[in-house]
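# Close look at the chain arrangement
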Amino acid sequence: MIEVREIQKSFGEVEAVAGVTFDVGGGEIFGFLGPNGAGKTTTINILCTLVRPTSGSAALAGYDVVSKASEVRASIGIVFQDPSLDERLSAYENLIFHALVYSVPKDVREERIASALDMVGLWERRRDIVRTFSGGMKRRLEIARGLLHHPKVLFLDEPTLGLDPQTRNKIWEFVHDLREKENITIFLTTHYMDEAENCNRIAIIDHGRIIALDTPAKLKTMVGGDVITLSTADDEAAAEQIKELHGLEATAQDAKLILEVPDGEKFLAPLVRSLDTPINSISLRRPTLEDVFLKLTGRTIRDESAGALDSMRSHVRMRRR
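In this text, all values refer to a predicted model and were calculated from it rather than measured experimentally.

### What to know about the overall build of the chain
Within the chain one finds twelve helices and 14 strands. Projected onto the principal axes, the alpha-carbon positions of the chain cover approximately 75 × 45 × 35 Å. By the burial criterion, 50% of the 321 residues in the chain qualify as buried. If you take every contact in the chain between residues at least 6 apart in sequence, the share linking residues at least 24 apart comes to 70%. For the chain, the exposed area adds up to about 15,400 Å²; of that, 48% sits on carbon and sulfur atoms. Between the mean site of the 41 positive side-chain charges and the mean site of the 48 negative ones, the chain shows a separation of 7 Å.

### Some points on the pairing of strand β2 (residues 14-24)
In this structure, strand β1 (residues 2-11) lies alongside β2, joined through eight bridges in antiparallel fashion. Residue pairing in the sheet places S10 in a bridge with E15 of β2. Here β1 hands over to β2 after two residues, with G12 in that stretch at a positive phi of 65°.

### Digging into helix α5 (residues 135-147)
Between its terminal C-alpha atoms α5 stretches 19 Å, which fits the 18 Å expected from 13 residues at 1.5 Å a residue. Burial analysis of α5 places eleven of its 13 residues in the buried class, the great majority of the element. Listed in full, the buried residues belonging to α5 are G136, M137, K138, R139, L141, E142, I143, A144, R145, G146 and L147. In this structure, the buried side of α5 is in contact with β6 (76-79), α3 (91-101), α4 (106-119), β7 (153-157) and α6 (165-182).

### Some words on unusual backbone geometry
Look at T49: it is not a glycine, yet its phi comes out positive at around 65°. Within the secondary structure, T49 is located in the loop between α1 (40-47) and β4 (55-60). Residues other than glycine seldom take positive phi values, yet H207 does so here, at roughly 50°. With respect to the secondary-structure elements, H207 resides in the loop between β9 (201-206) and β10 (209-214). Residue classification places H207 among the exposed positions, given a relative accessible area of 60%.

### Looking at the confidence of the model for the chain
Mean pLDDT over the chain works out to 86, with 93% of the residues at or above the 70 mark. In the model of the chain, helix α12 (residues 310-320) stands out as the element of lowest mean pLDDT, 42, in contrast to strand β5 (residues 63-64), which has the highest, 97.

### Here's the deal with the nonpolar core
In terms of nonpolar packing, the biggest core is built from 46 residues, with L141, I143, L154, L156, V175 and I202 touching the most fellow members. Those residues in contact with I143 that sit more than four places away from it in its chain are V79, L154, L156, I171 and F174. The next biggest cluster of nonpolar side chains, apart from the first, holds 27 residues, and it includes A16, V24, I44 and I46.

### As for a negative patch on the surface
A surface patch of negative charge is lined by D234, E236, E240 and E244. Checked against the element boundaries, D234 lands in the loop between β11 (226-232) and α9 (235-246).

### Here's the deal with a nonpolar patch on the surface
Among the surface-exposed residues, F97, V101 and Y102 lie close enough to one another that they form a single nonpolar patch of about 310 Å² accessible area. By the element assignment, Y102 lies in the loop between α3 and α4.

Scoring rules and cut-offs
Residues numbered from 1 in each chain as written. Predicted model: local features only at pLDDT ≥ 70, side-chain atom pairs only at ≥ 80, totals over all residues. Heavy atoms only, no water. Helix = DSSP H or I, 4+ residues; strand = E, 2+ residues; numbered from the N terminus. Buried < 20%, exposed > 50% of the residue type's maximum accessible area, 1.4 Å probe, protein only. Contact = heavy atoms within 4.5 Å. Areas by Shrake-Rupley, 256 points an atom, 1.4 Å probe, with all protein chains shown as cover. Lys, Arg positive; Asp, Glu negative; His and termini not counted. Charge placed at Lys NZ, Arg CZ, Asp CG, Glu CD. Pairing = 2+ DSSP bridges. Expected span 1.5 Å × (residues − 1). pLDDT = per-residue confidence, 0-100. Core = buried A, V, L, I, M, F, W, Y, C linked by side-chain atoms within 4.5 Å. Patch = residues over 30% accessible without salt bridge, like charges linked within 9 Å, V, L, I, M, F, W, Y side chains within 5 Å. Salt bridge = Lys/Arg side-chain N within 4 Å of Asp/Glu carboxyl O.

As structure tokens, this is what we get:
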């Protein structure tokens, strides 16, 4: 559904994207992760025809993003991180406006609106003003709007940001159901690492290059085993002891030491016995995507701002004016 080959984009002397290549299959949920300035926003902007690449090629639904920009735009839906609904209008009126903008044929317009609202559980609230909706309801309405013109690819920018865990889970139940029923391809950005587990594959981009691309399970094998987190009276001395006695490099993070070991349960007791420095706390867990992100980029996902498509939004707003 998406083919990207050696895409490169420079802004003056700054190379934002440095030869990115990847594919996204039809019906796939594809996650795109990276710290600020990594190049993910520029790459996505290229796919949505908002930025022209300096070199390389990209195609979406078989259409070249440069020479067939109109066809690409008709093939995609976008759900922005920031609210983009007109809260003075009803849910139905928001969708009617979108249908007109995307030239949804008049003879199928009402049927599609009814189907979209029913799909997200908002048919009974179709006449209600959007400002009366909860955050979760607004997000569901935005997804319905993004699907109204039957896009082949749906871009979700932080789809559950700011929502409570229960609502987040409901949104994801809907997204999975949507993919199964409509076979739509979903391109996702998120800073919730547990949410990224919903992706079939994840691409991690840093300094304009994709440094890892695989399933969540396979990415987590890159960490090197279980993760031990400990806090001591003297972390610097403890790190030196760990290196000397066990040949392991401890990483300092958030005033704690992080260790990666193949079999954490067996290693935990010998580690505790070997340290002279008093231990304040210690924990053992399986690796997460957060650990993968830290290992590959040297940063945690919390270090980046939540917005993944800020530039895209600014372009869209300019065009609306």
